[in-house]
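Analysis of the macromolecular model
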Amino acid sequence: VFRQALLRGGPRLMEAMFAVQIHVAIEALSTMYGAIAKRRGRVVSEDMKEGSAMFTVDALLPVTESFGFTSFLRSATSGAASPQVTFSHWEALEQDPFWVPTTAEELEDLGTEDSTEVSNNLARKLVNTARRRKGLHVDEKIVEKGEKQRTLARKK
């Protein structure tokens, strides 16, 4: 009874977020923005230190994307950025991890194949990643649209 009530209510995942304070030189500012965006982070504020060419950028970064972020950022900016990471809060994802397209409009937009649904649903991706890491069963197709392989080169 409880499981059915939970599924009818539209379950949501809570994702842990880090507050990242980054001290970065002005030359590496655009590279730093790219590194944050690549890890699903978002910039909250930026301030320039008076009398220097350094910026202090405050950003939010999901914990799942933060592993190796410090070394990734330093290598991307050639050492011109140094982050300081602390836990900030929990944030609810808007997507339902168990959502399946059912109406005619949804099926028309997303198609009848399961691949578009999984690739567009971040919550489903996070659930599947955690299930794989724990060794649990994940419902996914290994081969999609399998056809006989055709060799283009002619060998005599």
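You'll find the structure just up there.
Residues numbered from 1 in each chain as written. Predicted model: local features only at pLDDT ≥ 70, side-chain atom pairs only at ≥ 80, totals over all residues. Heavy atoms only, no water.

Although it is not a glycine, arginine 40 adopts a positive phi angle of roughly 60°. Among the structural elements, arginine 40 can be located in the loop between helix H2 (29-38) and strand E2 (42-48). Non-glycine residue serine 78 carries a positive phi angle of around 55°. (Helix = DSSP H or I, 4+ residues; strand = E, 2+ residues; numbered from the N terminus.)

What follows covers the pairing of strand E3 (residues 54-62). Where a strand is regular, its side chains alternate between the two sheet faces. Extensive coverage of E3 is indicated by the burial of seven of its nine residues. Sheet analysis places strand E1 (residues 14-25) next to E3, joined by nine bridges and oriented antiparallel. Across the sheet, the residue bridging to isoleucine 22 is valine 57, located in E3. Here six bridges tie E2 to E3, and the two strands are oriented antiparallel to one another. Note on E3: the bridge partner recorded for arginine 42 is leucine 60. Between E2 and the antiparallel strand that follows it, E3, lie five residues; glycine 51 among them carries a positive phi value of about 85°. (Buried < 20%, exposed > 50% of the residue type's maximum accessible area, 1.4 Å probe, protein only. Pairing = 2+ DSSP bridges.)

Turning to the sheet that holds E3, a few remarks are in order. Across the sheet, which stays open at both edges, the four strands sit in the order E2-E3-E1-E4 with antiparallel pairing between neighbours. At either end of the open sheet lies a strand with only one pairing partner, and these are E2 and strand E4 (81-92). The mean angle between the axes of side-by-side strands here comes to 15°, regardless of whether they run parallel or antiparallel. (Axes fitted to C-alpha atoms, helices over the stretch in contact; angles between N-to-C directions.)

Before going further, it helps to spend a moment on the packing of H2 against helix H3 (residues 69-76). It is at 9 Å that the axes of H2 and H3 come closest, and there the two elements cross at 150°. By the angle class used here, H2 and H3 are roughly antiparallel. By crossing handedness, the relation of H2 to H3 is classed as right-handed. In contact with Thr31, Met32, Ala35, Ile36 and Lys38 of H2, H3 contributes Phe69, Phe72, Leu73 and Ala76. Considering only residue class, the contact of H2 with H3 consists of seven nonpolar, one polar and one charged. (Parallel < 35°, antiparallel > 145°, perpendicular 65-115°, else oblique. Left-handed = near helix turned anticlockwise from the far one by under 90°. Contact = heavy atoms within 4.5 Å. Nonpolar A, V, L, I, M, F, W, Y, C, P; charged D, E, K, R; others polar.)

As a further point, take the environment of valine 43. The residue valine 43 is located in strand E2 in this model. With relative accessibility at 33%, the residue valine 43 sits in the partly exposed group. Distance from valine 43 to alanine 59, taken between C-alpha atoms, is 4.1 Å for residues 16 residues apart in sequence. In contact with valine 43, other than residues within four places in its own chain, are Tyr33, Ile36, Val57, Asp58 and Ala59.

Together, Met14, Phe87 and Trp90 give the surface a local cluster of nonpolar side chains, amounting to about 380 Å² of exposed area. In this structure phenylalanine 87 comes out as partly exposed when scored by relative accessible area, which is 46%. (Patch = residues over 30% accessible without salt bridge, like charges linked within 9 Å, V, L, I, M, F, W, Y side chains within 5 Å. Areas by Shrake-Rupley, 256 points an atom, 1.4 Å probe, with all protein chains shown as cover. Salt bridge = Lys/Arg side-chain N within 4 Å of Asp/Glu carboxyl O.)

The subject of this paragraph is the packing of aromatic side chains. Scanning all chains against the criterion turns up one aromatic pair. Between the aromatic rings of phenylalanine 87 and tryptophan 90, the centroid separation amounts to 6.1 Å while the plane-to-plane angle is 65°, which identifies the pairing as edge-to-face. Directly above the ring of phenylalanine 72 sits arginine 39, whose terminal nitrogen or CZ lies 4.8 Å from the centroid. (Phe/Tyr/Trp six-rings, centres within 6.5 Å; stacked < 30°, edge-to-face > 60°. Lys NZ or Arg CZ within 6 Å of the ring centre and 35° of its normal.)

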